[in-house]
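# Residue-level structure breakdown
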Amino acid sequence: MRTISVFTLLLLWLPIFAQGNTSAKTVTNGEVWLDTSGNPINAHGGGILYHDGKYYWYGEYKKGKTILPEWATWECYRTDVTGVGCYSSPDMVNWTFEGIVLPAVKDNPSHDLHPSKVLERPKVVYNAKTGKFVMWAHVESADYSKAAAGVAVSDSPTGPFEYLGSFRPNDAMSRDQTVFVDDDGKAYQFASSENNQTLYINELTDDYLRPTGRFTRNFIGMSREAPAVFKKDGKYYMISSGCTGWDPNNAELAMADSIMGPWKLVGDPCTGKDADKTFYAQSTYVQPVYGKKDLFIAMFDRWNKTDLENSRYVWLPISFKDGKITIPWRETWSIDEISGQN
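Residues numbered from 1 in each chain as written. Predicted model: local features only at pLDDT ≥ 70, side-chain atom pairs only at ≥ 80, totals over all residues. Heavy atoms only, no water.

Judged by pairing direction, the sheet is antiparallel, and its three strands sit side by side in the order S19-S20-S21 without closing on themselves. The open sheet has two free edges, formed respectively by strand S19 (282-288) and strand S21 (312-317), since each of these has just one partner strand. With strand direction ignored, the average angle separating the axes of adjacent strands in the sheet is 25°. Judged from the six bridges that link them, strand S20 (residues 296-302) and S21 form a sheet pairing that is antiparallel. Counted as the bridge partner of phenylalanine 300 is valine 314 from S21. (Pairing = 2+ DSSP bridges. Helix = DSSP H or I, 4+ residues; strand = E, 2+ residues; numbered from the N terminus. Axes fitted to C-alpha atoms, helices over the stretch in contact; angles between N-to-C directions.)

When the pLDDT values of the protein chain are averaged, the result is 92; 92% of them are 70 or greater. This model gives residues 1-23 a pLDDT under 50, and the stretch forms 42 contacts once residues within four places in sequence are excluded. (pLDDT = per-residue confidence, 0-100. Contact = heavy atoms within 4.5 Å.)

Turning to its location among the elements, leucine 119 is positioned in strand S6 (residues 118-127). Residue leucine 119 is classed as buried on the basis of its relative accessible area, which comes to 9%. Sequence separation of leucine 119 and serine 141 is 22 residues, and the distance between their C-alpha atoms is 9.0 Å. Beyond its immediate stretch of four places on either side in the chain, leucine 119 contacts Glu60, Val81, Gly83, Val84, Leu113, Ala137, His138 and Val139. (Buried < 20%, exposed > 50% of the residue type's maximum accessible area, 1.4 Å probe, protein only.)

Quick look at the pairing of strand S15 (residues 235-241) now. Most of S15 sits inside the fold, with six of its seven residues counted as buried. Looking at chain direction, strand S14 (residues 225-232) and S15 are connected through six bridges and run antiparallel. Across the sheet, residue valine 229 finds its bridge partner in S15, namely methionine 238. Hairpin connection, S14 to S15: the antiparallel pair is bridged by two residues, and aspartate 233 has positive phi, about 55°. Sheet topology places S15 next to strand S16 (residues 251-256); six bridges connect them, and they run antiparallel. When the sheet's bridge partners are listed, tyrosine 237 is paired in S16 with methionine 255.

Locating lysine 54 in the fold gives a position in strand S3 (residues 54-60). According to the relative accessible area criterion, lysine 54 is partly exposed, its value standing at 32%. Between the C-alpha atoms of lysine 54 and serine 88, which are 34 residues apart in sequence, the distance is 6.8 Å. Once residues within four sequence positions are removed from consideration, lysine 54 is found in contact with Leu49, Ser88 and Ser89.

What follows deals with the sheet that holds strand S7 (residues 132-140). Spatially, the four strands line up as an open sheet ordered S6-S7-S8-S9, and their pairing is antiparallel. Whereas interior strands pair on both sides, the edge strands pair on one side only; in this sheet they are S6 and strand S9 (162-167). Here the average twist between neighbouring strands, direction ignored, is 20°. Taken together, the seven bridges between S7 and strand S8 (residues 148-154) define a ladder with antiparallel strand orientation. Within S8, the position partnered with alanine 137 by the bridge is glycine 150.

The amide bond that connects glycine 159 to the next residue, proline 160, takes the cis arrangement and shows omega of 5°. Structurally, the position occupied by proline 160 is in the loop between S8 and S9. The phi angle at asparagine 170 is positive, at roughly 55°, despite the residue not being glycine. Looking at where asparagine 170 falls in the secondary structure, it is placed in the loop between S9 and strand S10 (177-181). With a phi close to 55°, asparagine 195 is a non-glycine residue in the positive phi region. In this fold, asparagine 195 is placed in the loop between strand S11 (187-193) and strand S12 (198-204).

The structure is reproduced here in structure tokens:
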């Protein structure tokens, strides 16, 4: 990793992401974000759960050397699996590390969570009927041939999560993925499938642990991945990226009147500096800020493919103006200021 000066270290302790300062609610994109203990936040490809007045951010906890296997014919950079980390926050700005809630399984080389495998894009949802917190993630072999979904459950948002195993939903590949719970309590998994050529929407069982068998195929042959789904005023929206490995490309926004589709692509929502490269980042989740009218935060990862542990985050408020949805670039922004404009 790069060498930094003492002056830079001092700057990192300032409220770059307002860590440790509950009165500040400012986001500065692309910098190192620190938790309330002063350590870099490590939650890549993640998503957020809001439960009982608190936000929980889950993500890939990436540690150690980034590896490109000798046999690789494409840029399948990876780090050894460490597990899924969790952070909690009262305000979406000050984040406290809650630990590794789904750790690697180091003593079983055939296990999905062995360090030699791949664990990506964890998302956690709460099932009000069962009282369980349910995690879905993309689990892979090192050569990305497994293309499966892994499921884990917990009685607490801070774990520990019990790993239940993996499968291909509806016998189809499952790579970049997210989970969305609708207003009626029904849950759906969105996943890149068919070698990333088609995006599947899989309806889940009432316990959120398996697919029901009902699914739709969307954006057939369009190579969309990194789905981030949200709902506003009765309509469904999805941000996704193209498939260019770890390298950035332009985002696309899609909308639908029904969660299972049909979905219609309506163009790139990003505007401003480097918008055509999604601000050199990739979508992962969209989270509403409760108590702040119409404030939805689009979460992106700015990948550092040769040093994945040092990847950064880009969070931007979504703009809803004159019937158009955009994501304008902002290097720094305040949650209170933006919520007052929406």
